[in-house]
Structures are given as structure tokens and as C-alpha cells.
Amino acid sequence: MDQPTEREAAELALALVAVATASVDGGADAQAVSEEGLVELVEELGDVPLTERQAVVIETVGAASAALTAGLGAALASEHGRQTEEVLGLAARAVLDQTGEPGGQDRGDSDSAHRTDRSGTAGDSDLPDSTD
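Attention in this report is confined to the structure presented alongside it. Keep in mind that what you see is a predicted model, and the values were worked out from it rather than measured. (Residues numbered from 1 in each chain as written. Predicted model: local features only at pLDDT ≥ 70, side-chain atom pairs only at ≥ 80, totals over all residues. Heavy atoms only, no water.)

### A look at the overall build of the protein chain
In terms of regular secondary structure, the protein chain is built from four helices and zero strands. Sequence-ordered secondary structure for the protein chain, helices as α and strands as β, is α-α-α-α. The burial tally for the protein chain puts 29% of its 132 residues in the buried class. A separation threshold of at least 6 residues defines the contact pool for the protein chain, and within that pool the share at least 24 residues apart is 53%. On the protein chain, roughly 8000 Å² of surface is accessible, and the fraction owed to carbon and sulfur atoms is 50%. (Helix = DSSP H or I, 4+ residues; strand = E, 2+ residues; numbered from the N terminus. Buried < 20%, exposed > 50% of the residue type's maximum accessible area, 1.4 Å probe, protein only. Contact = heavy atoms within 4.5 Å. Areas by Shrake-Rupley, 256 points an atom, 1.4 Å probe, with all protein chains shown as cover.)

### Thoughts on a negative patch on the surface
A cluster of like negative charges, contributed by Glu36, Glu40, Glu43 and Glu44, occupies part of the molecular surface. With respect to the helices, strands and loops of the structure, Glu36 is situated in helix H2 (residues 27–45). (Patch = residues over 30% accessible without salt bridge, like charges linked within 9 Å, V, L, I, M, F, W, Y side chains within 5 Å. Salt bridge = Lys/Arg side-chain N within 4 Å of Asp/Glu carboxyl O. Lys, Arg positive; Asp, Glu negative; His and termini not counted. Charge placed at Lys NZ, Arg CZ, Asp CG, Glu CD.)

### Observations regarding the side chain of Glu35
Residue placement: Glu35 occurs in helix H2. For Glu35, the contacting residues outside a window of four places in its chain are Val19, Glu59 and Ala63.

### With respect to H2
The first and last C-alpha atoms of H2 sit 27 Å apart over 19 residues, in line with the 27 Å expected at 1.5 Å per residue. For H2, the set of buried residues is Ser34, Glu35, Leu38, Val39, Leu41 and Leu45. Along the axis of H2, the buried positions cluster into a sector of 160°, meaning they face one direction only. Among the exposed residues of H2, those pointing more than 90 degrees away from its buried face are Asp29, Val33 and Glu44. The inward-facing, buried residues of H2 abut helix H1 (6–25) and helix H3 (52–79). (Expected span 1.5 Å × (residues − 1). Arc of directions from axis to C-beta.)

### Things to note about the nonpolar core
Core analysis: the largest hydrophobic core is formed by eight residues, namely Val17, Val19, Ala20, Ala66, Ala70, Leu88, Ala91 and Ala92. Among the elements of the structure, H1, H3 and helix H4 (84–99) are those that each provide at least two residues to this core. If we skip the residues at most four places from it in the chain, Leu88 touches Val17, Ala20, Thr21, Val24 and Thr69. Counting seven residues, the second-largest nonpolar core is a separate cluster that includes Val39, Leu41, Leu45 and Ile58. (Core = buried A, V, L, I, M, F, W, Y, C linked by side-chain atoms within 4.5 Å.)

So this is what it looks like as C-alpha cells:
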């Protein structure tokens, strides 16, 4: 597989955020569907069909990535008095903002309030003040 395009990388990032979101608030069925979607996406991006073993490895890596993403999202959410799902939603929106995809707000500048930092998480400016 050649180096993924920006769009393909964004699709993979969104698929991983979807698995993380499903693991937080969707239950086992939602997480299984999200993991299957990740496998299908990787297969579409590849030059040859995945073997069964490769699909299992991708599901395992997706689940591990989702756990890490959900855990980091929960920590950030707790720090700002927000829900984990809200932080994960901001992460998804940040991916869309970076690529100019529909649903994002492509501002074309590097100081966008909805960009991700080098760690891949939403910046503090994305989190609303906890004044509820």
C-alpha cells in the first residue's frame, strides 16, 4: 500500500474515533460494527484483500487504539468538566476541519480554533468553558 493520501488518513482517523466513541457510549454491538467498518476501510485502501488474520489484527489494533483514545478523551473531558463523547466529537470535527471535508469548517489557516495539536487531540480552545 502506498502512502495514504490526506483524505485516506482522515478516513482512518475518523474510523478510529468512531470505534472509540462506540466503546464509550455505544455498547458491545456498536463497537463491533465500528471495528468491522475499520476493517472494511483498511481493505478498501489496500491493494489486495485482507486475510482473515490481518482483519483480526486490524480489529485488535483498532480496539487498542479506541481504548487509548477514549481514555485520553475521558481525561481531557474530566479536566474541563465535560463528557467524553463531547471531546471525541470535537476530535472528529477537528479531523474534518483539517481536511476541509463537509461537516468541518475549513478556515484555511493554521491558527484555527478547531485544529488538533501534535498529540492528535482537540486543543483547549475547542472545549467550552465548564459553566453549566
